[in-house]
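# Residue-level structural notes
Chain residues, written in single-letter form:
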Amino acid sequence: MKTKKLLSITLATSLALGALSVPVFAQQPAAQHEIVKNPLDNKVINKINVDNIYNMIDYLQQTPRVASTPEEFAAVQYIKDQFESYGYDVEIQEFEYFGYTTPHTVDLLIDGTSLSPLAFTYTPSGDVQAPLEYVGLATPDELEGKDLSGKIALVQRGSIPFGEKVINAAEKGAVGVIIFNNAAGTINGTLGGADDRFVPTVSITQAQGNNLVSKLNNGETVQASLKVLGASAGLRSSHNVIASKLPTNKNRDNGNVITLTSHHDSVPGAPGANDNASGTAMVLELARVFKNLPTDTEIRFITFGAEELGLLGSRHYVRDLPQEELDRIVANFNLDMVGSRDAGSLVMNTIDGQPNLVTELSQASSLRLNGEPTRFGRGGSSDHVPFGEAGIPAALFIHSPLEPWYHTPQDTIDKISKEKLQDVAEIVGTAIYDYARFDNQTPKQPQRASKQNVPQQMYFEESVE
Ligand code: BES
Ligand code: ZN
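Residues numbered from 1 in each chain as written. Chains lettered and ligands numbered in written order. Predicted model: local features only at pLDDT ≥ 70, side-chain atom pairs only at ≥ 80, totals over all residues. Heavy atoms only, no water.

Time to look at the coordination of the zinc ion (ligand 2). Taken together, His263 (NE2), Asp275 (OD), Asp336 (OD) and Asp336 (OD) make up the protein donors of the zinc ion (ligand 2), found 1.9 to 2.7 Å from the metal. Between the donor residues of the zinc ion (ligand 2), the gaps in sequence give the motif H-x11-D-x60-D. A residue pair is termed long-range when its members are at least 10 positions apart, and His263 in strand 11 (residues 257-263) and Asp336 in the loop between strand 13 (329-335) and strand 14 (345-350) qualify at 73 residues. For the pair His263 and Asp336, one class covers both residues: buried. (Donors = N, O, S within 2.8 Å, 3.2 Å for Na, K, Ca; no water. Helix = DSSP H or I, 4+ residues; strand = E, 2+ residues; numbered from the N terminus. Buried < 20%, exposed > 50% of the residue type's maximum accessible area, 1.4 Å probe, protein only.)

What follows deals with helix 7 (residues 206-217). When the terminal C-alpha atoms of helix 7 are compared, their 16 Å separation across twelve residues agrees well with the 16 Å that a helix rising 1.5 Å per residue should span. Among the residues of helix 7, Gly209, Leu212, Val213 and Leu216 are the ones counted as buried. Angular distribution of buried residues about the axis of helix 7 spans 100°; they occupy a single face of the element. Immediately downstream of helix 7, the backbone of Gly219 shows phi near 85°, a positive value. (Expected span 1.5 Å × (residues − 1). Arc of directions from axis to C-beta.)

Our focus in this paragraph is the nonpolar core. Core analysis: the biggest nonpolar cluster contains 59 residues, and Phe83, Phe290, Phe333 and Phe397 have the highest contact counts within it. Beyond its immediate sequence surroundings of up to four residues, Phe83 is in contact with Tyr88, Val90, Val241, Ala243, Val283, Leu284, Ala287 and Phe301. Judged by nonpolar contacts, the second largest core, of 21 residues, contains Tyr100, Leu154, Val228 and Ala231. (Core = buried A, V, L, I, M, F, W, Y, C linked by side-chain atoms within 4.5 Å. Contact = heavy atoms within 4.5 Å.)

Glancing now at the packing of aromatic side chains. Using the criterion set out here, one finds twelve aromatic pairs in the structure. For the pair Tyr88 and Phe301, a centre-to-centre distance of 5.7 Å together with 70° between the ring planes defines the contact as edge-to-face. Highlighted residues: Tyr88 in the loop between helix 4 (70-85) and strand 1 (90-101) and Phe301 in strand 12 (residues 298-304), separated in sequence by 213 residues. Since its relative accessible area comes to 4%, Tyr88 is described here as buried. Taking the centre distance of 5.9 Å and the plane angle of 15° together, the rings of Phe333 and Phe397 count as stacked. Placement of Phe333 in strand 13 and of Phe397 in strand 16 (residues 394-400) is noted, with a sequence separation of 64 residues between them. (Phe/Tyr/Trp six-rings, centres within 6.5 Å; stacked < 30°, edge-to-face > 60°.)

Turning to the side chain of Asn356, a few remarks are in order. Along the chain, Asn356 falls in the loop between strand 14 and helix 11 (357-370). For Asn356, a relative accessible area of 10% corresponds to the buried category. At a separation of 3.0 Å, a polar atom in the side chain of Asn356 contacts the main-chain carbonyl oxygen of Ala394. (Polar contact = N/O pair within 3.5 Å; in protein donor to acceptor, adjacent residues only side chain to side chain.)

Taken together, 14 residues form the shell around ligand 1, and within it Glu307, Glu308, Asp336, Tyr406 and His407 come nearest. Within the contact set of ligand 1, an oxygen atom lies 2.8 Å away from a side-chain nitrogen or oxygen of Glu307. Between ligand 1 and Ser381 there is a distance of 3.1 Å, counted from a nitrogen atom to a backbone nitrogen or oxygen. Look at ligand 1: alone it shows 510 Å² of surface, and the protein chains cover 77% of it. Its residues assigned to classes, the shell around ligand 1 comprises six nonpolar, four polar and four charged. (Near = heavy atom within 4 Å. Areas by Shrake-Rupley, 256 points an atom, 1.4 Å probe, with all protein chains shown as cover. Nonpolar A, V, L, I, M, F, W, Y, C, P; charged D, E, K, R; others polar.)

In a structure, side chains of opposite charge can pair up when their charged atoms sit close to one another. All told, the structure shown has 16 salt bridges when counted by the stated rule. Close ionic contact of Glu133 with Lys151 constitutes a salt bridge, the shortest N to O distance being 2.9 Å. Placement of Glu133 in strand 5 (residues 126-134) and of Lys151 in the loop between helix 5 (140-143) and strand 6 (152-156) is noted, with a sequence separation of 18 residues between them. Through salt bridges with shared partners, a single ionic network connects Asp41, Arg368, Asp434 and Arg437. (Salt bridge = Lys/Arg side-chain N within 4 Å of Asp/Glu carboxyl O.)

Let us look at unusual backbone geometry. Looking along the chain, the bond that leaves Asp275 and enters Asn276 is cis, with omega of 5°. Among the secondary structure elements, Asn276 is positioned in helix 8 (residues 273-290). Put simply, Ser400 and Pro401 share a cis peptide bond, and its omega is 0°. Tracing the sequence through the fold places Pro401 in the loop between strand 16 and helix 13 (418-436). For Asp111, which is not glycine, the phi torsion reads 45° and is therefore positive. Within the secondary structure layout, Asp111 lies in the loop between strand 2 (105-110) and strand 3 (113-114).

Time to look at the packing of helix 3 (residues 50-60) against helix 8. Two elements in contact, helix 3 and helix 8, have axes whose closest approach is 8 Å; the angle formed by their N-to-C orientations is 135°. Between helix 3 and helix 8, the crossing angle belongs to the class labelled oblique. Like other packed secondary-structure pairs, helix 3 and helix 8 cross with a definite hand, here right-handed. Touching Asn52, Ile53, Met56, Ile57 and Leu60 of helix 3 are Ala273, Ala277, Ser278, Thr280, Ala281, Met282, Leu284, Glu285 and Arg288, all from helix 8. Grouping the constituent residues of the contact of helix 3 with helix 8 by class yields nine nonpolar, three polar and two charged. (Axes fitted to C-alpha atoms, helices over the stretch in contact; angles between N-to-C directions. Parallel < 35°, antiparallel > 145°, perpendicular 65-115°, else oblique. Left-handed = near helix turned anticlockwise from the far one by under 90°.)

Strand order in the open sheet made by the eight strands is 3-2-9-5-6-7-8-4, with mixed pairing throughout. Strand pairing shows two members of the sheet lacking a second neighbour, strand 3 and strand 4 (118-119), which therefore form its edges. The sheet contact formed by strand 5 and strand 6 spans three bridges and is parallel. In the sheet register, Glu133 faces strand 6, and the bridge partner there is Ala153. Sheet strands in contact with helix 6 (residues 162-171) are strand 6, strand 7 (176-180) and strand 8 (201-204), and its direction is about 140° off that of strand 7. Lying over the sheet, helix 7 contacts strand 2, strand 5, strand 6, strand 7 and strand 8, oriented at roughly 65° with respect to strand 5. (Pairing = 2+ DSSP bridges.)

We now examine the environment of Thr139. Inspection of the secondary structure puts Thr139 in the loop between strand 5 and helix 5. Thr139 sits in the buried class, given a relative accessible area of 13%. The spacing of Thr139 and Ala169 is 30 residues in sequence and 8.7 Å in space, taken between C-alpha atoms. Non-local contacts of Thr139, meaning those with residues more than four positions away in its chain, are made with Ser159, Ile160 and Asn168. Here Glu142 takes part through its side chain, which lies 3.0 Å from a polar atom of the side chain of Thr139.

Functional significance is not addressed by these values, which are geometric in nature.
As structure tokens, then:
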């Protein structure tokens, strides 16, 4: 039988009383919750220094930290240095992925006039001067028997994917491709994925394309100069930073691991003070807080790279672990956007919207601290997802609704609230300590906490994404 620590008396009582009437807290106004303090929470709370969190956010948000850039690597070094200054050994886990860098220069001159084109994602770089040839939709039928050697193909949008048009034209010898829209507006398109057969490809509007087609139909020669500079596709590397607090006493090691995670990368152009210097600085501060607290559970602090490109760091971390190591992880607390002054209230997102050990411990701690259990709902979009998909109880801590600065250059330190940081750090820190601390007379079993131990659902919100 898998076991875990008892819940606080208040929570256990309300669960017992509420067993037949779910959801328990949804039915009761806040004022009716009796706050039963647990003095052991103060072991964590008294050590949290919110100024440390704030100052680390301030440091990290000086530049965007886009995956695989020198700025992301500088953040990795900073995080490593911080962990080491608290006395941790640090592992930097490198991983590779196939990435694409967008061009810094995109231009198309026709007879000396710029058409302000847009680049397709995955276009290669190139600088070509050649006459235009109109090839319709650039389907294999339309290109049958054509020789586009030394030409830039002018192509209309529609019928087949952009990438296929480019390959069809390039295989007939085209040195560049211009695709014009078949409706009003610009094309913000992708060629679908990198391909060695591609040639430089940009888009123009329908009006611009029609104008060029009529010139060509009138028998004019149209000379074009197409420039795409700085684009490249290829292997990139990014890094996860891992620091572990092993159980204090080898004889009381229950074999279980709690992971406390965040991502340290940001999107281009965004300093990412809240997304996600906030979660990263909180992971660091809680690592400092826990360093000398006696625990019988391993607490593993991890910051992930390349989350913004599709959870790449956390997917790599989970995929890389053998099953018996995954089986030891009882919980993943993932902090992502935990300090915005302009966002809503705290919510925990699980991948299935169901409660689990993480939401249970955190509802118990928030109830003890604030008299209100933190709400939870269903949601993905962050590094708890690979853990959840591996069957590990996992939740994202985030404020909802999001602030307007999300993924913008305005995601800066002046929007960070120390009160929000303090609140989340206390709830998460005491939730983890409640499970990991050393005072329980009943040793925890060296197995993942059973899903059957999950209490009655206390509060449910359909979706908070
Ligand atoms: N910090 C956000 C997480 C998030 C969660 C935003 C829920 C909004 C709602 C995260 O860094 C992010 O931006 N995630 C991406 C998806 C990811 C898989 C690339 C997103 O939500 O667009
Ligand atoms: Zn984020």
